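Each chain is listed here by its residues.
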Amino acid sequence: MENYVYSSEASEESDCNDDMREGFCCDSSNLHACCHKEFNGSMHRSSDYKLEDPSCNPESPLKVTFEEITSAAYKIKSGIVNTPCTRSHMSNLTGMDIYLKKDFLQNTGSFKERGARYAMLMLSPERRQKGVIAASLGNHAQAVCYHGHLLGIPVTVVMPIIAPIMKIQKCKEYKANVIMDGKDMAEARKIAIKMAKDRGYTYINGYDHPQIIAGQGTIALEIMEQVQDIDAIVVPTGGGGLLAGVAVAVKNLNPDIKIIGVESERCASFSMAMESEKPVATPIEGTLADGLAVPMVGYNAWETAKSLVDKMVVVKEEWIAVAILRMVELEKCVVEGAGAVGLAAILAGQLNEFKGKRVVLILSGGNIDTTILGRCLERGLAADGRLVKFKVTVSDRPGGISELCKVIGSIGVSIKDVIHERAWVTSDVFSVEVKVVCETRDYAHSLELRDLLLARYKKVKFDDIPENMAAAPTVEP
């Protein structure tokens, strides 16, 4: 980890630390040590500034307390939606008593508003006047922009060039200064931190700022009031801020409730931290749960959560797609991949120890791009064994393809697409290869189609019919 240090040149950061002192135990003797690591009394590396987050020190992480979370709950309640936590229609299908905390119903579509509002409310008047800055692909940026607009605080957000257009536009609608810069979040973050130092802004980390963690923990206080006799709460996990806040709140109110964190296999940074017993850099691949794609767990989040988490689950991408599909079909809820990972873990059979028990899933966000949603639904259908693709060689004489369509339709399978190719069938000039995409009722129906075609035609090849996904409840036709 690169070093970062305090110097007189960086003294403007002290206002930020004063704000932290209001809500967190950090005395004046170690305050700057809490935010900077000494290195030759200056803030530079060669000709560059050492740019690090002033609220996150790996050498002296801050542990968020239950009292801070209850304080946050009181201060933000007038500006945050107390979202419903209702029993899921999938309870009977999964064998669990499932409740869904629908925090995607916040004004900006995610739980991020809780921490963002609290962090800005705790700013001193001077820091409010100077403004805040954040780096984000979307949800945190929208939350900071929205509540900055409500509170009259100038907001700048640095969004990497890969950020979704819809989320960029939303930030602009809240009158924020939106800067599109950086090829990824790492570069955007460096730009934001340097701007904070140069211009006197307060940098608000989206998952590891202590006040962000405290604000996110307020979701657990609402859950505890809304649902009785909870056995486990399942928390989407990226940088660890939501997991840390929820774990502190729940374990202080009822230590018997299990706290389960869930990550995508393509961004399992918290699981890697548990293996290494400290936050470590983790390779990140593209994932449907892009809101959880954080390459390293936050230091404050790790310090707060590490002894309170009962289990971490890593789910495969296909189960996230199926979970998004189930949410749309059975719950009429449109959630992003990050919000669906809890259900994905259940559908994949990774939480079977809670069969017959009461489990709360946090639906953390619903800001999914419409194009991506379409892809997710199709991928979910394919992973569920309900969208199948195959090649079959049929007679090229009149009626050959018509006969194939009749065979497929005879068992109630719907044809979505048909492409036929003549040039690549070299063995028989009187034959044609037909590529077909079909929609079936369920996995068993797909197998029925496969067996029927194999009995009728000599050359049939199905692409990627998944293994039996009977663990996943399906929609009745």
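Higher on the page you've got the structure.
None of these values were measured; they are calculated from a predicted model.

A. Molecular detail of the sheet that holds strand E14 (residues 460-463). With antiparallel pairing, four strands are arranged side by side in an open sheet as E12-E13-E11-E14. Two strands close off the open sheet at either side, each with one partner strand: strand E12 (414-421) and E14. Adjacent strand axes in the sheet meet at a mean angle of 20° when their direction is disregarded. Relative to strand E13 (residues 431-439), E12 runs antiparallel, the two being bridged by seven bridges. Across the sheet, His420 pairs through a bridge with Val434, a residue of E13. In the packing of helix H19 (residues 443-456) onto the sheet, the strands contacted are strand E11 (387-395), E13 and E14, and the crossing angle to E14 comes to about 160°.

B. Looking closely at the pattern of salt bridges. All told, the structure shown has 17 salt bridges when counted by the stated rule. Put simply, Asp97 and Arg358 hold a salt bridge, and the shortest N to O gap is 2.7 Å. Pair noted here: Asp97 is in strand E2 (residues 97-102) and Arg358 is in strand E10 (residues 358-363), with a separation of 261 residues, a long-range link. Exposure remark for Asp97: the relative accessible area of 15% places this residue in the buried category. Between Asp310 and Lys251 there is a salt bridge, with the nearest N and O atoms lying 2.8 Å from each other. Placement of Asp310 in the loop between helix H14 (299-305) and strand E9 (311-315) and of Lys251 in helix H12 (residues 241-253) is noted, with a sequence separation of 59 residues between them. The network of salt bridges with common partners includes Lys101, Asp103, Arg114 and Glu222.

C. Just the environment of Ile69, in detail. Position of Ile69 relative to the elements: it lies in helix H3 (residues 66-76). As for Ile69 and Gly215, which are separated by 146 residues in sequence, their C-alpha atoms are 6.3 Å apart.

D. How the structure looks around the sheet that holds E10. Spatial strand order, E1-E2-E10-E7-E8-E9: six strands in an open sheet with mixed pairing. Here the strands that pair on one side only, and so sit at the sheet edges, are strand E1 (85-87) and E9. Sheet twist, expressed as the mean angle between neighbouring strand axes with direction ignored, is 25°. Note that strand E7 (residues 232-236) and strand E8 (residues 258-264) share five bridges and pair parallel. Within E8, the position partnered with Val235 by the bridge is Gly261. Against the sheet, helix H11 (residues 218-226) contacts E1, E2, E7 and E10, and its axis sits at roughly 135° relative to E2.

E. Expanded view of the packing of helix H5 (residues 112-121) against helix H7 (residues 139-151). Where H5 meets H7, the closest approach of the two axes is 8 Å, and the angle between their N-to-C directions is 45°. By the angle between their axes, H5 is oblique relative to H7. Considering the relative orientation of H5 and H7, their crossing is right-handed. Each of Lys112, Glu113, Ala116, Arg117, Met120 and Leu121 in H5 lies in contact with H7, whose residues at this interface are Asn139, His140, Ala143, Val144, Tyr146, His147, Gly148, Leu150 and Leu151. Looking at the contact of H5 with H7 residue by residue, the classes come out as eight nonpolar, four polar and three charged.

F. Highlighting unusual backbone geometry. Phi angles above zero are rare outside glycine, and Asp229 is one such case at about 55°. Relative to the helices and strands, Asp229 resides in the loop between H11 and E7. Despite not being glycine, Glu277 has its phi angle at roughly 65°, a positive value. Here Glu277 lies in the loop between helix H13 (269-276) and H14. The class for Glu277 is exposed, based on a relative accessible area of 66%.

Reading the values: rules and limits
Residues numbered from 1 in each chain as written. Predicted model: local features only at pLDDT ≥ 70, side-chain atom pairs only at ≥ 80, totals over all residues. Heavy atoms only, no water. Pairing = 2+ DSSP bridges. Helix = DSSP H or I, 4+ residues; strand = E, 2+ residues; numbered from the N terminus. Axes fitted to C-alpha atoms, helices over the stretch in contact; angles between N-to-C directions. Contact = heavy atoms within 4.5 Å. Salt bridge = Lys/Arg side-chain N within 4 Å of Asp/Glu carboxyl O. Buried < 20%, exposed > 50% of the residue type's maximum accessible area, 1.4 Å probe, protein only. Parallel < 35°, antiparallel > 145°, perpendicular 65-115°, else oblique. Left-handed = near helix turned anticlockwise from the far one by under 90°. Nonpolar A, V, L, I, M, F, W, Y, C, P; charged D, E, K, R; others polar.

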